[in-house]
Amino acid sequence: VDGAKALGINFEGPFLNRVGEGDVRYVPDPINLDDIQEFIDISENTITEMGLAPELPNGKQAIELLLKNNVVPAMAHTDSKSKEAFTAFDNGITVATHTCNVMTGIHHRNIGALGASLMDDRVYCELICDGLHVCNDMLKLVLKLKDHNKVMLISDSSRFVGFPSGYYDFGNYKVFDNASIQTMIYIMQKDSSDNNYSFNYAKLLEDKISKKQVNEF
């Protein structure tokens, strides 16, 4: 088959502790270590990274199991406070999945998973730079605080990328997919004179998502 070769599978979930910025909550089960090993075995060791909420029961053991199988453990969809996050980093987590999104944010009495991820030099921070998941000012703040070699720019696409605007079934959810969002691009330009970064974002197409659609989404 022609084309790029996949370097491995980034397996996000299923052992997560919160879903979406709409604050959808549920009572998660403890992490099942047998399931993790089965995932790895079925993938024939092509899973290279796995995201989980490290504060869940069996979190430490899950991290140890992933490392034993040469899988990078990542923090994802987490309610971790800063102490729990730092403990997870001590246990071996080295990646913060889509930093800022679906994790505890920074508060002046507890810097949360976000603050811990930015402070800890061992942690690589994934960052979705589409101007929607994370605002421009927060993008600039992250790049001021974090070593640029520890920031990974990522996308957040779904199975509906490239489809016409409309509603699609996504498991138990109805998802509104807008072509203008899917085609939004970013350019990060480095100013070599003062080492600052500026962000230039393509404007959304004229068929912008409406307020009603945002609320439904």
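Predicted model only: the values in this text are computed from it and were never measured.

Caption draft 1: Representation of the overall build of the protein. For the protein, the count of helices and strands is seven helices and 10 strands. Counting only residues that meet the buried cut, the protein has 37% of its 217 residues in that class. The contacts of the protein with a sequence gap of at least 6 include a subset with a gap of at least 24, amounting to 63%. Looking at the protein as shown, the accessible area adds up to about 13100 Å², and 53% of this sits on carbon and sulfur atoms.

Caption draft 2: The sheet that holds strand S1 (residues 9-12), seen in detail. Sheet architecture is open: six strands sit in the order S1-S2-S3-S4-S5-S6, paired in parallel fashion. Here the strands that pair on one side only, and so sit at the sheet edges, are S1 and strand S6 (151-154). As judged from the two bridges shared by strand S4 (residues 95-96) and strand S5 (residues 124-128), these two strands associate in the parallel manner. Residue pairing in the sheet places Val-95 in a bridge with Tyr-124 of S5.

Caption draft 3: Geometry of the packing of helix H3 (residues 82-91) against helix H4 (residues 112-119). Contact geometry of H3 with H4 gives a least axis separation of 7 Å together with a crossing angle of 45°. One finds that H3 runs oblique with respect to H4. Between H3 and H4 the crossing geometry is right-handed. Between H3 and H4, the residues in contact are Ser-82, Ala-85, Phe-86 and Phe-89 and Gly-112, Ala-113, Ala-116, Ser-117 and Met-119, respectively. Grouping the amino acids of the contact of H3 with H4 by side-chain chemistry returns six nonpolar, three polar and no charged.

Caption draft 4: Quick look at the packing of helix H1 (residues 33-42) against helix H2 (residues 59-68). As a packed pair, H1 and H2 sit with axes 10 Å apart at the nearest point and diverge in direction by 20°. By the angle between their directions, the pair H1 and H2 is classed as roughly parallel. Viewed along their axes, H1 and H2 form a crossing whose handedness is right-handed. Residue-level contacts link Leu-33, Ile-36, Gln-37 and Ile-40 of H1 to Gln-61, Ala-62, Leu-65 and Leu-66 of H2. Considering only residue class, the contact of H1 with H2 consists of six nonpolar, two polar and no charged.

The rules behind each value
- Residues numbered from 1 in each chain as written.
- Predicted model: local features only at pLDDT ≥ 70, side-chain atom pairs only at ≥ 80, totals over all residues.
- Heavy atoms only, no water.
- Helix = DSSP H or I, 4+ residues; strand = E, 2+ residues; numbered from the N terminus.
- Buried < 20%, exposed > 50% of the residue type's maximum accessible area, 1.4 Å probe, protein only.
- Contact = heavy atoms within 4.5 Å.
- Areas by Shrake-Rupley, 256 points an atom, 1.4 Å probe, with all protein chains shown as cover.
- Pairing = 2+ DSSP bridges.
- Axes fitted to C-alpha atoms, helices over the stretch in contact; angles between N-to-C directions.
- Parallel < 35°, antiparallel > 145°, perpendicular 65-115°, else oblique.
- Left-handed = near helix turned anticlockwise from the far one by under 90°.
- Nonpolar A, V, L, I, M, F, W, Y, C, P; charged D, E, K, R; others polar.

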